[in-house]
Amino acid sequence: MTQTAYQTKAAIIDALGGITDPRKNTSLLDAHMVEEVSVDGGNVKIVIAFEDDRPKNERWDLEDKIHDVVQTIQGIADISIVGMTQTALREGPRQAPAPAPAAKHDHAHDHGHGHSHGNAQNAAGGTGQSKALEGVGKVIAVASGKGGVGKSTVAVNLALALHKNGYKVGLLDIDVYGPSLPTLLGVKGRPAVKDRRIVPLEAEGLRIMSLGFLMDDDTPVIWRGPIVSGIIRQFLHDVDWSGLDYLIIDLPPGTGDAQLSLAQSVPLDGAVVVTTPSELSLIDAARGLQMFKTLKVEVLGIVENMSYYLHPGSNEKVYIFGQGTVQREAKRLGTEYLGDIPLDPAVRLGGDTGKPIVAADAKSPVTEAFIKLAQRIAELQPTGAAAGDAKPKRRGLFSFLKG
Ligand code: ADP
């Protein structure tokens, strides 16, 4: 049986999790040394981040070990292992963002001299260290296996609903190929830099950051790929997010390097997977779920978007893409069904005009659905005042009688 690229990648990540870094005495994944894993047909590229002072022979030993383990995985024809120093990774984005040619792992090489691992000059990325975000309560990723299911719409409206429920919320869009946050919230402008930190922009009470604020729409896509992990780390650690209860991260669709970079850049408190009821979207959602499991990120559950259309005349629910499929799939996958968001043309309109539905229409059934979703997320991952259950509860009308 042939494996899909995704299965191969999952198998590689699994294998890397089984290799111990002798220096840190923990797995390469837990040591946050895996910078990138990409699979293209039978060709595999793995980028490993090393401390600057790690001696070459130690690096090579580890690269050899990786090569030996990975080559046993079915369907792999060629393995490139690129060892990078953290300084080179950090400095990468400031240099010309050209794709990094991978050094080939060649076992015929004489490791004593001229070993070609590592292309420190060209590759770009972060520091290889996962660090908690200071002053941020919970970091929640919103993901989908497939594009077009409403992931960004859910991310922005969930953030707004959390804000409405009384939390301080930030929203980070790390979709480097199609940043949608500037359009969804109708915000343009360049973030300022203060005390060597990037100050997020603000909209509708949210602190927001997106590559769309830094790059022009016509920046060639080829420039974006190699800088993904560097940008992600910068957006997490060089942006002033302090004072937030929740940071919601809008991921690119699929199971690519952005997901891997994110999971290695910051401890994630949970992931929410968005799907529509259609079969295709569900298959990809299951893949997304599996990826988070592999990356050891807790999946909080699945949100069903565009689940039904509320007929404006009769108020009848019309299930256009099927009914009950997402609930069944959530059960099968052993994850929570977090609720449904109706299909409503006002949602699209809100997205196009920079006024998302939760901000535009407090009474819409869609807004109600997002408020409920936000409540559930806050229950699953309590933070701020709610963490100590001290969130001000509205007192009942006659509560004063109870003394
Ligand atoms: P993704 O981030 O998954 O690519 P988007 O959030 O960009 O998807 O949504 C894709 C399109 O579907 C957008 O035009 C958006 O306005 C629309 N959309 C998303 N959710 C809904 C909904 N519940 N009802 C109506 N339109 C929706």
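In short, a report on the structure. (Residues numbered from 1 in each chain as written. Predicted model: local features only at pLDDT ≥ 70, side-chain atom pairs only at ≥ 80, totals over all residues. Heavy atoms only, no water.)

Okay, the site of the ligand next. Near the ligand, the surroundings consist of 14 residues, among which Gly148, Lys151, Ser152, Thr153 and Pro342 are the closest. Contacts to the ligand include serine 152, whose backbone N or O atom sits 2.8 Å from an oxygen atom. Here aspartate 344 contributes a backbone N or O atom positioned 3.0 Å from a nitrogen atom of the ligand. Burial of the ligand by the protein amounts to 78% of the accessible area it has alone, namely 560 Å². Elements supplying a minimum of two residues to the shell around the ligand: α4 (151-164), β14 (299-310), β16 (337-343) and α11 (345-352). For the shell around the ligand, the leading source of residues is α4, giving three residues. Partitioned by chemical class, the residues of the shell around the ligand number five nonpolar, six polar and three charged. (Near = heavy atom within 4 Å. Polar contact = N/O pair within 3.5 Å; in protein donor to acceptor, adjacent residues only side chain to side chain. Areas by Shrake-Rupley, 256 points an atom, 1.4 Å probe, with all protein chains shown as cover. Helix = DSSP H or I, 4+ residues; strand = E, 2+ residues; numbered from the N terminus. Nonpolar A, V, L, I, M, F, W, Y, C, P; charged D, E, K, R; others polar.)

By the definition in use, this model includes 16 salt bridges. Salt-bridge contacts for glutamate 51 lead to arginine 23; the nearest nitrogen and oxygen are separated by 3.9 Å. Placement of the pair is glutamate 51 in the loop between β4 (43-50) and α2 (56-70) and arginine 23 in the loop between β1 (20-21) and β2 (26-27), with a sequence separation of 28 residues. On the basis of relative accessibility, which here comes to 38%, the residue arginine 23 falls in the partly exposed class. Several salt bridges converge on common partners, so that one network encompasses Asp21, Arg23, Lys24, Glu51, Asp53, Arg54 and Glu58. (Salt bridge = Lys/Arg side-chain N within 4 Å of Asp/Glu carboxyl O. Buried < 20%, exposed > 50% of the residue type's maximum accessible area, 1.4 Å probe, protein only.)

Together, Val318, Ile320 and Phe321 make up a nonpolar patch on the protein surface, roughly 240 Å² of accessible area in all. Of the residues examined, valine 318 reaches a relative accessible area of 30% and is grouped as partly exposed. (Patch = residues over 30% accessible without salt bridge, like charges linked within 9 Å, V, L, I, M, F, W, Y side chains within 5 Å.)

This part takes up the pairing of strand β12 (residues 244-250). Along β12, seven of the seven residues are buried, which leaves the element largely enclosed by surrounding structure. With six bridges joining them, strand β6 (residues 136-143) and β12 adopt parallel strand pairing. Looking at the pairing, valine 136 lines up with leucine 244 of β12. Here strand β7 (residues 169-173) runs beside β12; their pairing, made up of five bridges, is parallel. Paired with leucine 171 across the bridge in β12 is isoleucine 248. (Pairing = 2+ DSSP bridges.)

On to the sheet that holds strand β3 (residues 34-40), then. Strand order in the open sheet formed by three strands is β3-β4-β5, with mixed pairing between adjacent strands. Either end of the sheet is taken by a strand with one partner, and the two such strands are β3 and β5 (78-85). Ignoring which end each strand starts from, the neighbouring axes of this sheet average 10° apart. Of the strand pairs in this sheet, β4 and β5 are connected by eight bridges, and their pairing is parallel. Bridge pairing in β5 places isoleucine 48 opposite glycine 83. Where α2 meets the sheet, its contacts fall on β4 and β5, and the angle it forms with β5 comes to roughly 150°. (Axes fitted to C-alpha atoms, helices over the stretch in contact; angles between N-to-C directions. Contact = heavy atoms within 4.5 Å.)

This paragraph deals with the packing of aromatic side chains. Under the criterion given, the structure shown has two aromatic pairs. For the ring pair tyrosine 308 and tyrosine 319, a centre distance of 5.6 Å and an interplane angle of 55° mean the geometry is tilted. Taken as a pair, tyrosine 308 in strand β14 and tyrosine 319 in the loop between β15 (317-318) and α10 (325-333) lie far apart in primary sequence, 11 residues in all. Note on tyrosine 319: relative accessible area 30%, which makes it partly exposed. (Phe/Tyr/Trp six-rings, centres within 6.5 Å; stacked < 30°, edge-to-face > 60°.)

Moving on, we get to empty space enclosed by the protein. Applying the stated criterion across every chain yields a total of one cavity of 30 Å³ or more. Together, Tyr6, Lys9, Ala10, Ile13, Thr255, Gly256, Leu260, Met291, Thr294 and Leu295 line the largest cavity. Counting only elements with at least two residues in the lining of the largest cavity, the list comes to α1 (5-17) and α9 (279-294). Top element by residues in the lining of the largest cavity is α1. It accounts for four residues. A per-class count over the lining of the largest cavity returns six nonpolar, three polar and one charged. If you count residues domain by domain, the lining of the largest cavity takes at least three from each of domain 1 (3-118) and domain 2 (126-380). (1 Å grid on protein atoms, 1.4 Å probe; cavity = no way out; pocket = protein on both sides within 12 Å on 5 of 7 lines; lining within 4 Å. Points joined across faces, edges and corners; volume = space filled by probe spheres on them. Domains from an automatic or database assignment.)

The next subject is the nonpolar core. Judged by nonpolar contacts, the single largest core of 68 residues is most densely connected at Ile12, Leu16 and Leu262. Built from parts of two domains, this core gets at least three residues from each of domain 1 (3-118) and domain 2 (126-380). For isoleucine 12, the residues in contact, after removing those within four places along its chain, are Val37, Val39, Val44, Ile46, Val70, Ile73 and Ile76. Counting 41 residues, the second largest nonpolar core, distinct from the first, contains Ile140, Ala159, Val169 and Val347. (Core = buried A, V, L, I, M, F, W, Y, C linked by side-chain atoms within 4.5 Å.)

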